[in-house]
Amino acid sequence: QVELAESGGGLVQIGGSLRLSCAASGPNVGYYELGWFRQPPGKEREGVSCISRSGDQARYADSVKGRFTTSRDTAKNTVDLQMDNLKPEDTGTYYCVANCRSLYETNGPSPEYWGQGTQVTVSS
């Protein structure tokens, strides 16, 4: 019911910036919180950010607070992730997701829909 398409991944130096974008489509896109998860090489997937349906409230994993900013355009059905001061531990595959409650609720449901993923590599 919700299709998600990420773009913007690439190779960036330590301390650099990168902006990821996600285009969402489907009849019920406006119903969902939209967020970003990532999977570092050899590690489990982890939540990165989550923004409310209206775009008024955003939540972040502790590891990215102060460095990443997410925003949502409800008219265009897009959600972005601006990543600044990138570190090697930010390397991984980033996924746009619909329903990201698990980021801020201990027993919250896992994301219902996932994008195909976009690769982010941080190196010197």
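Here is a short report on the structure shown in this document. (Residues numbered from 1 in each chain as written. Predicted model: local features only at pLDDT ≥ 70, side-chain atom pairs only at ≥ 80, totals over all residues. Heavy atoms only, no water.)

Concerning the environment of R53
Line of reasoning, step 1. Positionally, R53 belongs in the loop between β5 (46-51) and β6 (58-60).
Line of reasoning, step 2. Note: C-alpha distance between R53 and Y31 (22 residues apart in sequence) is 6.4 Å.
Line of reasoning, step 3. In this structure, R53 is in contact with G30, Y31, Y32, E33, R72 and T74, ignoring residues within four places of it in sequence. (Helix = DSSP H or I, 4+ residues; strand = E, 2+ residues; numbered from the N terminus. Contact = heavy atoms within 4.5 Å.)

Thoughts on the sheet that holds strand β3 (residues 18-25)
Line of reasoning, step 1. Taken in spatial order, the four strands line up as β1-β3-β8-β7 in an open sheet, and their pairing is antiparallel. Strands at the two margins of the open sheet, each flanked by one partner only, are β1 (3-7) and β7 (68-73). Ignoring which end each strand starts from, the neighbouring axes of this sheet average 15° apart. (Pairing = 2+ DSSP bridges. Axes fitted to C-alpha atoms, helices over the stretch in contact; angles between N-to-C directions.)

A few points about the pattern of salt bridges
Opposite charge on two side chains permits them to pair, given that their charged atoms come into close proximity.
Line of reasoning, step 1. Scanning the model with the defined rule gives six salt bridges in all.
Line of reasoning, step 2. With a closest N to O distance of 2.8 Å, R38 and E46 form a salt bridge.
Line of reasoning, step 3. On the basis of relative accessible area, R38 is assigned to the buried category, the value being 3%.
Line of reasoning, step 4. Across the pair D90 and R38 runs a salt bridge, and its minimum N-O distance is 2.9 Å. Note that D90 is positioned in the loop between β8 (78-83) and β9 (92-98) and R38 in strand β4 (residues 34-39), a separation of 52 residues in sequence. (Salt bridge = Lys/Arg side-chain N within 4 Å of Asp/Glu carboxyl O. Buried < 20%, exposed > 50% of the residue type's maximum accessible area, 1.4 Å probe, protein only.)

Here we look at the nonpolar core
Line of reasoning, step 1. L4, L34, W36, F68, L81, M83 and Y94 are the most contacted members of the largest nonpolar core, which has 25 residues in total.
Line of reasoning, step 2. Per-element accounting of this core gives the leading share, four residues, to β3.
Line of reasoning, step 3. The contact partners of Y94, leaving out residues within four places of it in the chain, are E6, L20, W36, F37, R38, V48, F68, L81, M83, G117, T118 and V120.
Line of reasoning, step 4. Counting residues in each nonpolar core, the second largest holds five residues, with F37, C50, Y95 and V97 among its members. (Core = buried A, V, L, I, M, F, W, Y, C linked by side-chain atoms within 4.5 Å.)

Thoughts on the state of the cysteines
Line of reasoning, step 1. Across all of its chains, the model carries two disulfides by this definition.
Line of reasoning, step 2. Between C22 and C96 runs a disulfide, and the two sulfur atoms are separated by 2.1 Å. One disulfide, between C22 and C96, carries an S-S torsion of -80° and so falls in the left-handed class. Of this pair, C22 sits in strand β3 while C96 sits in strand β9, and the two are 74 residues apart along the sequence. When sorted by exposure, C22 lands in the same class as C96, which is buried.
Line of reasoning, step 3. By sequence order of its bonded cysteines, the protein chain has the disulfide arrangement 1-3, 2-4. (Disulfide = S-S within 2.5 Å.)

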